[in-house]
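# Structural overview for review
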Amino acid sequence: MDIEQHKIPQATAKRLPLYYRFINNLHSQGKLRVSSKELSEAVKVDSATIRRDFSYFGALGKKGYGYNVEYLLSFFRKTLDQDEITKVALIGVGNLGTAFLHYNFMKNNNTKIEYAFDSNPEKVGTEIGGVPVKHIDKLEDIVKGDITAAILTVPSAAAQGITDRLVHSGVSGILNFTPARITVPEHIRVHHIDLSIELQALVYFLKHYPLEAGEE
Ligand code: ATP
């Protein structure tokens, strides 16, 4: 990310990928400009907020003309570091891990799973979704200095041990899909996604807080 982004409020920064995705679609459709009203309807953010967000990036829009798509796209690419691919490793090629290896993360953002790791000799040496599966013993050798983030899809019991090794290998962020609460040093960012808890929460909300028709 750019140094100037220190001035951008976090709420605005969080909306950047949303804007980027939409502008990218417009660009591939050959559109040259977009109004804040059009943008607002597509990304479901009110146009005053969009104008305020964009004002942090300098005067990007012109009255009666809207925003120049090409300019916006290159601006967002630069700001979101979209010209640079972020390399990711996946640990644990089970059912969930295999699904992620088949998923095209490059479609919407510039992240790429470069390597997968597993301890099962039947899986080591294979290639899934174009990603080579390496033996977990090789983790440090391969990850060191080259991989920014890791996706953790091993069984819970293995999570902390693998995490320590990832931290030791210089990974800065971990997307933890195991139910285990892992401990990391302060400078490492962990995002925890427990799919069964999310599903349980959804079902609970459906039961106890049903949405009224027309409610957002
Ligand atoms: P599967 O049906 O392939 O076993 P699963 O998702 O039910 O899938 P899990 O037991 O959750 O299987 O394990 C996920 C993957 O993590 C498996 O491929 C397993 O070989 C791998 N794994 C288990 N322990 C380790 C470890 N210590 N290091 C690396 N990989 C491991």
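This text gives an overview of the structure that appears in the document. Everything numeric here is computed off the predicted structure, so don't read it as measured data.

### Here's the deal with the overall build of the protein chain
- Check the secondary structure of the protein chain and you find eight helices and ten strands.
- Dimensions of the protein chain, computed from C-alpha atoms along their principal axes, come out at roughly 60 × 45 × 35 Å.
- Summarising the internal contacts of the protein chain: among those between residues at least 6 apart in sequence, 56% fall at separations of at least 24.
- Of the roughly 13,700 Å² of accessible surface on the protein chain, a fraction of 53% belongs to carbon and sulfur atoms.
- Distance between charge centroids for the protein chain: 6 Å, based on 25 positive and 25 negative side chains.

### A short note on the environment of Phe105
- Among the secondary structure elements, Phe105 is positioned in the loop between helix H5 (95-102) and strand E5 (111-118).
- The contacts of Phe105, once residues within four sequence positions are left out, are Phe100, Thr111, Ile113 and Ile151.

### Describing the site of the ligand
- Residues in contact with the ligand amount to 14 residues; listed here are only the nearest, Val93, Gly94, Asn95, Asp118 and Lys123.
- At a separation of 2.6 Å, an oxygen atom of the ligand approaches a polar side-chain atom of Asp118.
- Taken by itself the ligand offers 610 Å² of open surface, and the protein chains cover 60% of this.
- Residues belonging to the shell around the ligand are distributed by class as follows: six nonpolar, six polar and two charged.

Conventions we followed
- Along each chain, the written sequence defines residue order, and numbers are assigned to residues from 1.
- Only residues with pLDDT of at least 70 are given local features in this predicted model, and only at 80 or more are side-chain atom pairs given and counted; all residues enter the totals for whole chains, interfaces and linings.
- Excluded from the side-chain calculation are hydrogens and water; included are all heavy atoms of the structure.
- The secondary structure listing takes helices from DSSP runs of H or I that are at least 4 residues long and strands from runs of E that are at least 2 residues long, numbered from the N terminus.
- Whether two residues are in contact is decided by their heavy atoms: any pair within 4.5 Å suffices.
- Each accessible area is a Shrake-Rupley result for a 1.4 Å probe, and residues are judged covered by the shown protein chains and nothing else.
- When charges are tallied, Lys and Arg are placed among the positive residues and Asp and Glu among the negative ones, while His and the ends of the chain are skipped.
- To locate a charge, take NZ of a lysine, CZ of an arginine, CG of an aspartate or CD of a glutamate.
- Residue proximity to a molecule or strand is established when one non-hydrogen atom of the residue lies within 4 Å of it.
- Any N or O atom pair separated by 3.5 Å or less is treated as a polar contact, with the protein-specific requirement of one donor-capable and one acceptor-capable atom, and with residues adjacent in sequence counted only for side-chain atom pairs.
- In the scheme used here, Gly and all other residues not listed as nonpolar or charged are polar, with Ala, Val, Leu, Ile, Met, Phe, Trp, Tyr, Cys and Pro taken as nonpolar and Asp, Glu, Lys and Arg as charged.

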